[in-house]
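Here's the letter readout for the chains.
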Amino acid sequence: EDAYRIYNHDPDIRVQYTPETRGRALSFINSVHGIFTAIDPEEQFYMTAAEIDSGEQAIFSVTREYTDFQVITADKNALGMLTVGNGCGGICTRMSERVLCLEQILMLLIRRLGFAAVATQVAPCSAHDDAFRLPFHPGMAQSDAEAVLRQRISLLRTQTRNLLAP
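A brief structural summary.

What counts and what doesn't
- Residues numbered from 1 in each chain as written.
- Predicted model: local features only at pLDDT ≥ 70, side-chain atom pairs only at ≥ 80, totals over all residues.
- Heavy atoms only, no water.
- 1 Å grid on protein atoms, 1.4 Å probe; cavity = no way out; pocket = protein on both sides within 12 Å on 5 of 7 lines; lining within 4 Å.
- Points joined across faces, edges and corners; volume = space filled by probe spheres on them.
- Helix = DSSP H or I, 4+ residues; strand = E, 2+ residues; numbered from the N terminus.
- Nonpolar A, V, L, I, M, F, W, Y, C, P; charged D, E, K, R; others polar.
- Polar contact = N/O pair within 3.5 Å; in protein donor to acceptor, adjacent residues only side chain to side chain.
- Contact = heavy atoms within 4.5 Å.
- Axes fitted to C-alpha atoms, helices over the stretch in contact; angles between N-to-C directions.
- Left-handed = near helix turned anticlockwise from the far one by under 90°.
- Buried < 20%, exposed > 50% of the residue type's maximum accessible area, 1.4 Å probe, protein only.
- Arc of directions from axis to C-beta.
- Phe/Tyr/Trp six-rings, centres within 6.5 Å; stacked < 30°, edge-to-face > 60°.
- Lys NZ or Arg CZ within 6 Å of the ring centre and 35° of its normal.

**As for the layout of surface pockets**
The space that makes up the largest pocket amounts to roughly 1600 Å³. Around the largest pocket, the lining is made up of 35 residues, and of these Arg24, Phe28, Ile72, Ile105 and Leu109 lie nearest the centre. Those elements that place two or more of their residues in the lining of the largest pocket are helix H3 (19-31), helix H5 (54-62), strand E1 (71-73), helix H8 (102-113) and helix H9 (115-122). Each residue belonging to the lining of the largest pocket can be placed in one class, and the counts come to 22 nonpolar, 9 polar and 4 charged. Considering only enclosed or pocket space, the second largest pocket measures out at about 160 Å³ in volume.

Laid out in structure tokens, this is it:
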């Protein structure tokens, strides 16, 4: 309900985003649901010991409830800790090839919207994350940006032992 109010009535949102963009956001919001399932105590114990924060614990744990899912996260540290954490092997097995990292999402967006459109949108965020800063600094060519993203995806794929989606 809050999302409908914000996307349909908030004057700042209405000025900043087109009706089409707000409609896509609302469609997405309608297609997902919150996580209300308690974290499995045993999994929580192992993930806490691996120093995975509670938000990622909730996301990783809820995958027990589903057979058809994908996990989207920018928390590379949590993915790395999950793969080496004692007792976390079962979580890794069920999440194998089901995780999308930020760099993969950026590649998908470039393919869908074009490099210029994505670069324009991420430029204001470039100081906050290397996934934005490295491939989207001023003057970066699309081919170079995509090479940086592919390299980061490859490195993360190695570090996370096949958690990333193909």
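Now, onward.
**Focus on the side chain of Thr83**
As for its position among the elements, Thr83 is in helix H6 (residues 76-84). Within polar-contact distance, the side chain of Thr83 engages the backbone oxygen of Gly80 at 2.8 Å. Not counting residues within four places of it along the chain, the set of residues in contact with Thr83 comprises Cys92, Gln159, Thr160, Arg161 and Leu163.

**With respect to the packing of H8 against helix H11 (residues 142-159)**
Running from N to C, H8 and H11 point in directions that differ by 145°, and their axes come no closer than 9 Å. With respect to the hand of their crossing, H8 and H11 are arranged in left-handed fashion. Of H11, the residues touching H8 (which contributes Glu103, Gln104, Leu106, Met107 and Ile110) are Gln142, Glu146, Leu149, Arg150, Arg152, Ile153 and Arg157. Class assignment of the residues belonging to the contact of H8 with H11 gives a composition of 5 nonpolar, 2 polar and 5 charged.

**Quick look at H6**
Considered for burial, the residues of H6 that qualify are Ala78, Leu79, Leu82 and Thr83. Within H6, the buried residues cover an arc of 135° as seen down the axis, which keeps them to one side. Its side-chain oxygen at 3.3 Å from the backbone nitrogen of Asn77, Asp75 defines the N-terminal cap of H6.

**Details of the packing of aromatic side chains**
Scanning all chains against the criterion turns up 2 aromatic pairs. Where Phe45 meets Tyr46, the ring centres are 5.3 Å apart and the plane angle is 70°; that geometry is what we call edge-to-face. Judged by its relative accessible area of 27%, Tyr46 falls in the partly exposed class. Here Phe115 and Phe136 contribute two aromatic rings whose centre-to-centre distance is 5.7 Å and whose plane-to-plane angle is 20°, an arrangement assigned as stacked. Here Phe115 is found in helix H9, whereas its partner Phe136 is found in the loop between helix H10 (130-133) and H11, with 21 residues between them in sequence. On the accessibility criterion, Phe115 (13% relative accessible area) is buried. Among the residues examined, Phe136 registers a relative accessible area of 6% and is labelled buried. Against the face of Phe69 rests Arg98, its NZ or CZ located 4.5 Å from the ring centre.

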